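Summary of structural features
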Amino acid sequence: MAEIPTCRWGIVATGLISSWFVADLVLERDNPKARHVIQAIGSSSAQKGKDFAAKYCPNASPTIYGSYAEIYADPEVDCVYVGTPMSFHKKNCLDAIAAGKNVLCEKAFTINAKEAREVFDAAKKKGVYVAEAMWLRHRPMVTKFRQLLFDNNAIGNVALATSNFALPLDIPGLPATSRYKDPELGAGTLLDIGIYPLTWLILSLDSNGPQSPEDPKVIATQTHSSGVEATTSVILHYPSTGRQGVLTSTFMTEQIRGTVCRVQGSEGYIDVIGEKPSHPEYFVVYRKQSEGKFSSEKFEFPHKDQGFLFEADNTAVDIAAKKHESAIMPWKESIRVMELMDEIRRQGGTVYSQDKE
Ligand SMILES: NC(=O)C1=CN([C@@H]2O[C@H](COP(=O)(O)OP(=O)(O)OC[C@H]3O[C@@H](n4cnc5c(N)ncnc54)[C@H](OP(=O)(O)O)[C@@H]3O)[C@@H](O)[C@H]2O)C=CC1
Ligand SMILES: O=C1OC[C@@H](O)[C@H](O)[C@H]1O
């Protein structure tokens, strides 16, 4: 059997996303692309770290630290996974990079494009691997989706795409310390959930891919509630093709399970189906047969994890190959997504304190 890389992870923070990520990493599976070891867990409290390990990786024996700094200093850690609220991503990444660590950092990568540039500049100087954990882009489903759209012209000329992410929250009723309520922690729909519909539109409308993407024109509006950006609507318009898309995100209403992205072309349409845009399950290609009649073909991509192993494997393989960037989410693409979100926020009137630094 061919040798597969091993990645020893240092997990920074013990919140929701770290629990999802770690639970996937420790799953037994056939034909893995990489081996993952939960080497260390860093938390604001060692007790939280211990409780987290007992619950989410009971068969692993990570070193538990009551600080993040100790993770960065641990020579047994190959890659730091950053699962803190967005406003800490820049500092966590910079600290890890300064210690010579590779990093996989949750979305949104930072609060704004300026912060993202700082992180990647530091990674370049230090010669380490850094990638944004935009797990959606790493799914095999996305590769097939784009192949059908742009290599096979499965629905003819792509014209339009739509995607919405709704997460119902009682913002006034949340504790002031919640990352969904405190703008100092990056609260707001766009950076938290709108980034997924934005990603679906980029994937659906731009055939170029992340190495040479086209910048769309942006028309955006945002609504605020209790000082938090609570609804965003954006039109993207790609000048070279005339393709357009509409994306929305809101904390004010429920997600309706079903179509999380629809892309329409001259010869049919594709519906991506799932619980929410971050959790697509399968897609269906509808090909026009005659006026108003479509054939349908379902594309399924079963996997027993929640979907985090794709990005973890990609990171492990990239690091073993001594790469510094992911081809799926290269540095310039993370910066460009942050720039698009900066522009959406500029038009929508959402300002974070980091924008004034
Ligand atoms: N890919 C995905 O599907 C998802 C991604 N995310 C992303 O992950 C990140 C974290 O989100 P999530 O896990 O939901 O957040 P949580 O609030 O559940 O957890 C964040 C953790 O960060 C640490 N932390 C450090 N400082 C603070 C602070 N001042 N306030 C709160 N927490 C702090 C805490 O861990 P400790 O005390 O152990 O140090 C805390 O448990 C965000 O960037 C979010 O966008 C979130 C959900 C899903
Ligand atoms: O990334 C995410 O996806 C799932 C959402 O529930 C969560 O708020 C968000 O951070």
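This is a predicted model, so every value here is computed, not measured.

1. Description of the overall build of the protein chain
- Broken down by element type, the protein chain carries nine helices and 14 strands.
- Relative to a compact globule of 357 residues, whose C-alpha radius of gyration would be 21 Å, the protein chain shows 20 Å and is just as compact.
- Split into buried and exposed, the 357 residues of the protein chain put 54% on the buried side.
- For the protein chain, long-range pairs separated by at least 24 residues make up 68% of all intrachain contacts whose partners lie at least 6 apart in sequence.
- Counting every atom, the protein chain has about 15,300 Å² of accessible surface; 51% of that belongs to carbon and sulfur.

2. Section: the sheet that holds strand E14 (residues 293-300)
- Here eight strands make up an open sheet; going across it, the order is E8-E9-E10-E7-E11-E12-E13-E14 and the pairing mixed. Taken across any chain shown, the strands that pair with only one partner, and hence form the sheet edges, are strand E8 (217-225) and E14. Each neighbouring strand pair of the sheet contributes to a mean axis angle of 15°, computed without reference to strand direction.
- Examined bridge by bridge, strand E9 (residues 228-237) and strand E10 (residues 244-250) share seven bridges and lie antiparallel to one another. Residue pairing in the sheet places Leu236 in a bridge with Gly245 of E10.
- Its contacts with the sheet place helix H6 (residues 140-151) against strand E7 (158-166), strand E11 (258-265), strand E12 (268-274), strand E13 (280-290) and E14, and it is angled at close to 15° to E13.
- Along the sheet, helix H9 (residues 331-348) contacts E8 and E9; its crossing angle with E8, the most-contacted strand, is approximately 60°.

3. Concerning the UniProt feature "domain: GFO/IDH/MocA-like oxidoreductase" (unreviewed entry) in the protein chain
- UniProt feature "domain: GFO/IDH/MocA-like oxidoreductase" (unreviewed entry): in the numbering of this structure it lies at residues 149-270.
- This span, residues 149-270, is 16% helix and 38% strand, and a straight line between its end C-alpha atoms measures 9 Å.

4. Details of the pairing of E11
- For E7 and E11, the ladder comprises four bridges, and the chain directions are antiparallel. Paired with Leu160 across the strands is Gln264, a residue of E11.
- Judged from the seven bridges that link them, E11 and E12 form a sheet pairing that is antiparallel. Within E12, the position partnered with Gly265 by the bridge is Gly268.
- Connecting the antiparallel pair E11 and E12 is a turn made up of two residues.

5. Re the site of ligand 1
- Taken together, the neighbourhood of ligand 1 is formed by 24 residues, with Thr14, Ser43, Ser44, Lys48 and Tyr68 sitting nearest.
- The contact in question runs from an oxygen atom of ligand 1 to an N or O atom on the side chain of Thr14, over 2.5 Å.
- The separation between an oxygen atom of ligand 1 and a polar side-chain atom of Trp135 is 3.2 Å.
- Considered on its own, ligand 1 offers 890 Å² of accessible surface; in the complex 81% of this is hidden by protein.
- Those elements that provide at least two residues to the shell around ligand 1 are helix H1 (16-25) and helix H7 (189-205).

6. Thoughts on the site of ligand 2
- In the neighbourhood of ligand 2, the contacting residues comprise Lys107, Leu167, Arg179, Tyr180, Asp192, Tyr196, Lys276 and Ser278.
- The contact in question runs from an oxygen atom of ligand 2 to an N or O atom on the side chain of Arg179, over 3.1 Å.
- Within the contact set of ligand 2, an oxygen atom lies 2.6 Å away from a side-chain nitrogen or oxygen of Asp192.
- Considered on its own, ligand 2 offers 270 Å² of accessible surface; in the complex 89% of this is hidden by protein.
- A per-class count over the shell around ligand 2 returns three nonpolar, one polar and four charged.

About the cut-offs
By convention here, each chain's residues receive numbers from 1 onward along its written sequence. Working convention: letters from A go to chains and numbers from 1 go to ligands, in the order in which they are written. Per-residue local features of the predicted model are confined to residues with pLDDT of at least 70, and side-chain atom pairs are confined, for both listing and counting, to 80 or more; whole-chain, interface and lining totals are unaffected and use all residues. Side-chain measures here rest on the full set of heavy atoms in the structure, leaving out hydrogens and waters. Under the scheme used here, helices are H or I runs from DSSP no shorter than 4 residues and strands are E runs no shorter than 2 residues, and both carry numbers assigned from the N terminus. Using C-alpha atoms as the atom set, the radius of gyration is obtained and then compared with a globule rule of 2.2 Å times the number of residues to the power 0.38. For every residue, the accessible area (1.4 Å probe, protein chains only) is compared with the maximum for its type, and the residue is labelled buried under 20%, exposed over 50%, or partly exposed between those bounds. Whether two residues are in contact is decided by their heavy atoms, any of which lying within 4.5 Å being enough. Using the Shrake-Rupley algorithm and a 1.4 Å probe, accessible areas are obtained, with residue cover drawn only from the displayed protein chains. Here, strands pair whenever DSSP counts at least two bridges between them. With axes taken as lines fitted to C-alpha atoms, and helix axes fitted only over the stretch in contact, angles between N-to-C directions fall between 0 and 180 degrees. UniProt positions are given in the numbering used here, feature names are shortened, and annotations may be inferred rather than shown by experiment. Nearness of a residue to a molecule or strand requires only that one of the residue's heavy atoms be within 4 Å of it. Polar contacts here mean pairs of N or O atoms no more than 3.5 Å apart (in protein, one a potential hydrogen donor and the other a potential acceptor; neighbouring residues in sequence count only if both atoms are side-chain atoms). Asp, Glu, Lys and Arg are counted as charged, while Ala, Val, Leu, Ile, Met, Phe, Trp, Tyr, Cys and Pro are counted as nonpolar; the rest, among them Gly, fall into the polar class.

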